[in-house]
Structures are given as structure tokens and as C-alpha cells.
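# Understanding the architecture of this molecule
Take a look at the letters that make up each chain.
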Amino acid sequence: MESTVSQKLEALLNLQKIDSRLDAIFKVRGALPEEVQDLEDEIVGYETRLEKFNSDLQSLEEDIKSYKENIKESERLIKKYQEQQMNVRNNREYDAITKELELQDLEIQVSKKKIGEAQARIESKNADVDALKETLNERQKDLETKKSELDTIISESENEESKLKTDREKASKKIEDRLLKSYNKIRDNAKNGLAVVMVKRGACGGCFNIVPPQRQADIREKKKLIVCEHCGRIFAGVEDEIEEEPVKKKRSTRS
Ligand SMILES: [Zn+2]
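As annotated in an unreviewed UniProt entry, the protein chain carries the name C4-type zinc ribbon domain-containing protein and comes from Arthrospiribacter ruber.

This is how it looks when you write it as C-alpha cells:
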């Protein structure tokens, strides 16, 4: 069933009230939800890096272990060759064993050098791990603080928020798709989130530009949808001046 302009305006204004309240709730939360998310992402990044450091350390330790085993093996061989050398039958055999001994000695030197290098890398990596852990610790504290701040704020408004979201769904259904689309578009472009406004004290309630009296009269009639010629917001009606001062003279002297 077609609704009248007046009904459309009423539905729009109702939706606007719900959205403005939701805006206010989100404004209180401010940048906190985003900051919490950023910190969580940052922490995941640090944890991944820490895991990588630890696995690097582990493989360096394993390298050292295998170099040490190489040294032991070389020492065992050296001992064996030295015993053989005592029982050689000629110079050629003696020289051959001497070469083997030299070779094993060289092997030991290479392994020792590599152990030294691995230990230096472990040391510097450990320093990196310590620094990283410190940063991680700080960020985790930041996160806890911000999270509890956000939780408090959310808990203060979460019931209202979920009720408003239900209300919003219902309120949206009462507005035809095309009109709802323009409403959302106007709202997206408006800094204060207002798409539907009243004329207040002769001016647009959204951009505060003067609305001429004839236009105000048209708005009061509610025969068609009228938008602000300056900001494009939809006029829902004209707000009357304060009612507790019904005498015209008083009102005119105030303004
Ligand atoms: Zn305006």
C-alpha cells in the first residue's frame, strides 16, 4: 500500500532518530575498537617473529651439536692414526698417515670456527629475542588496558545497541527501497550523520542555511518530499518555536 508523504517523513524521521542514537554510541567508543584491532594484529606479528627467532636458535644449537660431534670423530680418527703411525713399515705409509692427520686437524679447526660463529649468532639473536619480548610485553599491557576500557564502554551500551539495531531493521522496512537508498546516501555524505532534519528557527537543521518562508510553508504541508537546496537533506517538518512562551511579542524580542 502506498504511504502518504507524511507517513514517509515520519518513518524517515524515526529511522534518523535511531541512527543518530547509534552514531552517538559509536562516537563514545571512538577509535578504541580500531586501536584494539591494530594492537591485536601487531601482537600476532611479534609472536610470529618470536617463533621464527626461537626456531633459528634451535637450529643453531643443533648445528653446534653436530660440529662438536665432528670434532669428536676427528679426535677419534687422530688417535687411531697416531697409533697406526707408530707401526708403519715405510715412509710412504708414514706420509700418507701424516696427511690424514693434517686433514683431521683442519676439520677440527673448521668446526671450531663454525661453533664460534654459531655462538655469536645465538648471542645476537638472544638479544633480539629479549628486545622483542619487551616490546611484546608492553603491547600486551596496552592491549589489556584498551580492551578493558572498550569492554566497559561496550557493556554500558550493548543492550541499547542491540535493541536499536532491531528497531532499525523494523524502521527500515517501513521505507521504500529507493527512498532508503537516498537516505543512506545523504547520511554517508553528511558529517553529522543527519539525512533527515527539521527546519529550526527558520533554518535547515543540518546546514543552518535559511529556509525561505514559502518553502517552510510547503514543508509544513507535507504534500511532497522537500530537500534542502543547500545540503540536500530531507526536511521532515518545521519545528515550532518554544511552546512555554505563547505570547508572540516575547518570542520576537527573544530572537
Ligand atoms: Zn541544509
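The next thing to look at is unusual backbone geometry. With a phi angle near 50°, R201 is a residue other than glycine that sits in the positive phi range. Within the secondary structure, R201 sits in the loop between β1 (196–200) and β2 (203–204). Residue R201 is classed as exposed on the basis of its relative accessible area of 67%. Phi at K222 takes a positive value of approximately 55°, unusual for a residue other than glycine. Structurally, the position occupied by K222 is in the loop between α5 (213–221) and β3 (234–238).

By the secondary structure assignment, P33 is in helix α2 (residues 32–85). The spatial distance from the C-alpha of P33 to the C-alpha of S111 is 54 Å, given a sequence separation of 78 residues.

This part is about the pairing of β1. Most of β1 sits out of view: four of its five residues are buried. With four bridges joining them, β1 and β3 adopt parallel strand pairing. Each residue of the ladder has a partner; that of M198, found in β3, is G237. As paired elements, β1 and β2 share two bridges and run antiparallel to each other. Bridge assignment links V199 to a residue of β2, and that residue is C204. In this structure, the hairpin formed by β1 and β2 is closed by a connection of two residues, where R201 is found at a positive phi of approximately 50°.

Rules of the game
Residues numbered from 1 in each chain as written. Predicted model: local features only at pLDDT ≥ 70, side-chain atom pairs only at ≥ 80, totals over all residues. Heavy atoms only, no water. Helix = DSSP H or I, 4+ residues; strand = E, 2+ residues; numbered from the N terminus. Buried < 20%, exposed > 50% of the residue type's maximum accessible area, 1.4 Å probe, protein only. Pairing = 2+ DSSP bridges.

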